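Listed here are the chains, written in short residue letters.
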Amino acid sequence: MTGYTTLIKFALWAALIIACTWFVWHMAGTIHDNIYEDGRLAERAVWESKEAIRSKELAKAIADAAQAMAAEHEKQVNGLTGALNNEIKAKDKLSRDLADINRTNRGLWIDAKNCRNSANETTRKTESAGISGGETGRVRLPSQVEKDLWELAADAQRVVIQYETCRQTLIPLVEVVPDS
């Protein structure tokens, strides 16, 4: 029986060594896993804090961009409104000026020396310019020619008003780059 006792002692020592090795291995693995998990959680906490800061900065940047866009939009709307108000004022002034001209119009006159159609010259109303020898100084243009010229002048002024309105409307919308 002594052989069995020794065998049992060695078996118990072997079981004890295996149990201790397993215990140490288990504890090392648990400690390693805990260290890994703690590191992962710490790293995640750092990442989350940085992400929170970045999110706040991004939200602030978006708010600033939105505010800048709103200010730019307001500027463009004010520019457009101003351009349209200027157009309305210019057209009203043009209408008043044309009405004043039509009310006080004494006609359009041309220098008699520049008149080419001498057959019609006698039928036109003439005005003396005080030239010696009895010559008339100016000849009034026919009423249809006067009317057409006034309409052309009004149309030309309307084109100028439209050009200025277009220019005032578009200048805030584009960046003018000078030639180098």
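Quantities reported herein were computed from a predicted structural model and do not represent experimental measurements.

**Q** So what's going on with a nonpolar patch on the surface? Residues and values would help.
**A** Together, Trp22, Phe23, Val24, Met27, Ile31 and Ile35 line one region of the surface with nonpolar side chains, adding up to about 650 Å² of accessible area. As for its placement among the helices and strands, Phe23 is situated in helix α1 (residues 2–104). The exposure class assigned to Phe23 is partly exposed, which follows from its relative accessible area of 48%.

**Q** Can you break down the packing of α1 against helix α2 (residues 143–170) residue by residue, with the values?
**A** Following both chains from N to C, one finds α1 and α2 inclined at 165°, their axes separated by 9 Å at the closest point. As far as their axial angle goes, α2 and α1 are roughly antiparallel. The handedness of the crossing between α1 and α2 comes out as right-handed. Contacts from Leu80, Gly82, Ala83, Leu84, Asn86, Glu87, Ala90, Lys91, Leu94, Leu98 and Ile101 in α1 reach Trp150, Ala154, Gln157, Arg158, Ile161, Gln162, Thr165, Gln168 and Thr169 in α2. Residue classes in the contact of α1 with α2 are distributed as ten nonpolar, seven polar and three charged.

**Q** How would you summarise the side chain of Glu87 if you had to cite specific residues and measurements?
**A** Along the polypeptide, Glu87 turns up in helix α1. Judged by relative accessible area, Glu87 falls into the buried class, the value being 16%. When near neighbours in sequence (up to four residues on either side) are disregarded, Glu87 contacts Ile161, Gln162 and Thr165.

**Q** Tell me about α2, and please be specific about residues and values.
**A** Note that an α-helix has 3.6 residues per turn; residues three or four places apart therefore point the same way. Compared with an ideal rise of 1.5 Å per residue, which puts 28 residues at 40 Å, α2 spans 40 Å between its outermost C-alpha atoms and is within 8% of the ideal. Those residues of α2 that sit buried are Glu146, Ala154, Ile161 and Thr165. For α2, the elements touching its buried residues are α1 and β3 (138–140).

Criteria and thresholds
Counting restarts for each chain: residues are numbered from 1 in the order of the written sequence. Confidence filtering applies because this is a predicted model: local features only for residues at pLDDT of at least 70, side-chain atom pairs given and counted only at 80 or more, and all residues used for totals across whole chains, interfaces and linings. Side-chain metrics in this entry use all non-hydrogen atoms of the structure; hydrogen atoms and water are not considered. In this scheme, patches are assembled from residues that exceed 30% relative accessible area and form no salt bridge. Like charges are connected within 9 Å, while nonpolar side chains (Val, Leu, Ile, Met, Phe, Trp, Tyr) are connected within 5 Å. Residue exposure ignores everything except the shown protein chains as possible cover, and the areas themselves are Shrake-Rupley values with a 1.4 Å probe. The salt bridge criterion pairs a side-chain nitrogen of Lys or Arg with a carboxyl oxygen of Asp or Glu, the two atoms within 4 Å. Per the convention used, a helix needs a DSSP run of H or I reaching at least four residues, while a strand needs a run of E reaching at least two, with both numbered from the N terminus. When accessible area is computed with a 1.4 Å probe and restricted to protein chains, residues below 20% of their type maximum are described as buried, those above 50% as exposed, and intermediate ones as partly exposed. To get an axis, a line is fitted to the C-alpha atoms, and for a helix only the part in contact is used. The angle between two axes follows their N-to-C directions and goes from 0 to 180 degrees. In this scheme, roughly parallel covers angles under 35 degrees and roughly antiparallel covers those over 145, while 65 to 115 is roughly perpendicular and the rest are oblique. By definition, turning the near helix anticlockwise from the far helix through less than a right angle yields a left-handed crossing, and turning it clockwise yields a right-handed one. Only heavy atoms enter the contact rule, under which two residues are in contact if any of them lie within 4.5 Å. All amino acids are sorted into three groups, where Ala, Val, Leu, Ile, Met, Phe, Trp, Tyr, Cys and Pro are nonpolar, Asp, Glu, Lys and Arg are charged, and the leftover types, Gly among them, are polar. Here a helix's expected span is defined as the number of its residues, less one, multiplied by 1.5 Å.

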